[in-house]
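Commentary on secondary and tertiary structure
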Amino acid sequence: MLKLDSHPTGRHFLQIPGPSPVPDRILRAMSLPTIDHRGPEFGALGLQVLAGIREVFKTKHPVVIYPASGTGAWEAALVNTLSAGDEVLMYETGQFAALWAKLALRLGLKPEILGWAGEDAVLPQAPNWRRGVQADMIEARLRKDTDKKIKAICVVHNETSTGVTSDIAAVRRAIDAVGHPALLLVDSISGLASADYRHDEWGADVTISGSQKGLMLPPGISFNALSPRALDAMKSATLPRSFWAWDEIVEMNKDGYWPYTPNTNLLYGLSESLAMLKSEGLERVFARHQRWAAAVRAGVTAWGLPIQCADPAVYSPVLTGVITPLGVDADALRKLIHQRFDLSLGTGLGKLKGRMFRIGHLGDSNDLTLVATLAGCEMGMQLAGIPLAGSGVQAAMAHFATHPVAAAA
Ligand SMILES: Cc1ncc(COP(=O)(O)O)c(C=O)c1O
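Residues numbered from 1 in each chain as written. Predicted model: local features only at pLDDT ≥ 70, side-chain atom pairs only at ≥ 80, totals over all residues. Heavy atoms only, no water.

Details of unusual backbone geometry
The criterion, for reference: Going along the chain from the N terminus, every DSSP run of H or I of four or more residues is numbered as a helix, and every run of E of two or more is numbered as a strand.
G18 connects to P19 through a cis peptide bond whose omega is -5°. Along the chain, the position of P19 falls in the loop between β1 (13–15) and α1 (24–30). Backbone geometry places K58, a non-glycine residue, at a positive phi of 55°. With respect to the element layout, K58 can be found in the loop between α2 (40–57) and β2 (63–66).

Here's the deal with empty space enclosed by the protein
Filter applied, for reference: Method remark: on a 1 Å grid restricted to protein atoms, a set of points is classed as a cavity if a 1.4 Å probe fits but cannot get out and as a pocket if it is open with protein on both sides within 12 Å along at least five of seven lines; lining residues have an atom within 4 Å of a point. Grid points are joined across faces, edges and corners, and a volume is the space filled by probe spheres set on the points. Under this grouping Gly is polar, as are all residues other than the nonpolar Ala, Val, Leu, Ile, Met, Phe, Trp, Tyr, Cys and Pro and the charged Asp, Glu, Lys and Arg.
One pass over the full model with this rule turns up two cavities of 30 Å³ or more. Its volume calculated, the largest cavity comes out at about 50 Å³. T162, G163, R297, I307, C309, Y315, S316, L319, T320 and G321 are the residues that line the largest cavity. At three residues, the largest contribution of residues to the lining of the largest cavity is made by strand β11 (residues 319–323). Within the lining of the largest cavity, the residues separate by chemical class into four nonpolar, five polar and one charged. Within this model, the second largest cavity holds a volume of roughly 30 Å³. Looking at the second largest cavity, the residues that line it are I65, Y66, P67, I221, W258, P262, N263 and L267. The class makeup of the residues in the lining of the second largest cavity is seven nonpolar, one polar and no charged.

Now the structure itself:
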């Protein structure tokens, strides 16, 4: 375990892009006594959270809740809809898209990986990790698939390893333009409840999400939002599944129960999270994250460091990837910042290890925690001798001062 320089006082700054800081209100809700998961009180809780989570996914169709991390829900989406040897088209926007493809391969599927292949002077080793899904590449590939061998298209809505989002509606339009029958499977593990997401309207067949990001819960539950086509595909899909099988869960969920022991206390937390999101209103939640993200980007720009996302149209409202100058070990910098200021930042993943760090702006944060986060980064970079063009803290403060929160309608 990393040792801090002194005994920490005050709150730890958990500014990684998930798990996000959990509001006290949710922690208190989760501390209620665990109840009988077959009793009447539980059935009411189950029905309530199942109805509430559908509103967050913006779907009228079933949402399955698993007592598992997001990786489990990734697996569930694949094993319920596909059969061994099926071809799946996966678009690599970052480390999480790459890990999902690895999981597909291990399940006996045949993933084909697309990715932007242009030149990038800042990150020549990972040009596709700075841009969102290019829907036209998916359309071109599907046009060539005249035998309709591709059974599913897998994309990540908010790539947590990079801070880049993707236009899911554009991917659906690309599939429809070809009239291709492949299912659209979307990972919105870190997008849901922070970034605009519309399962039904955007034509997703399965949307995967997790508890520990925009829903502001600890890790431990994850989701599959379904479409009627996905439920249909389940009937002919033959990959082995038992724990992940949707059919029994959807059936028992009709009365608010699960075929196995659900995560009761996380469901208490989910109920509280849904109440908080509903009272604020999803549109305001999204605007709040956009505003935080813009202030953090103003800070990074003032430092003179590149933002990892190279396309302003798809900046993530959830996190910002910061590329450190060549020769600077971003992980050594993160370690220094943690030791000196009790602030956790996200590490560079996969092929970007040591080249960047990630600032999470989600969960139980506010303007001041984000200004303080930037202050921790700025002090750390000064201590590490990294030359900065200006003060990111001043830039973020100026952004917040000149962009007040819009009054409630
Ligand atoms: C976009 C994305 N996909 C998948 C995962 C994997 O989820 P988990 O770590 O909860 O298994 C994560 C985790 O951070 C993620 O951000």
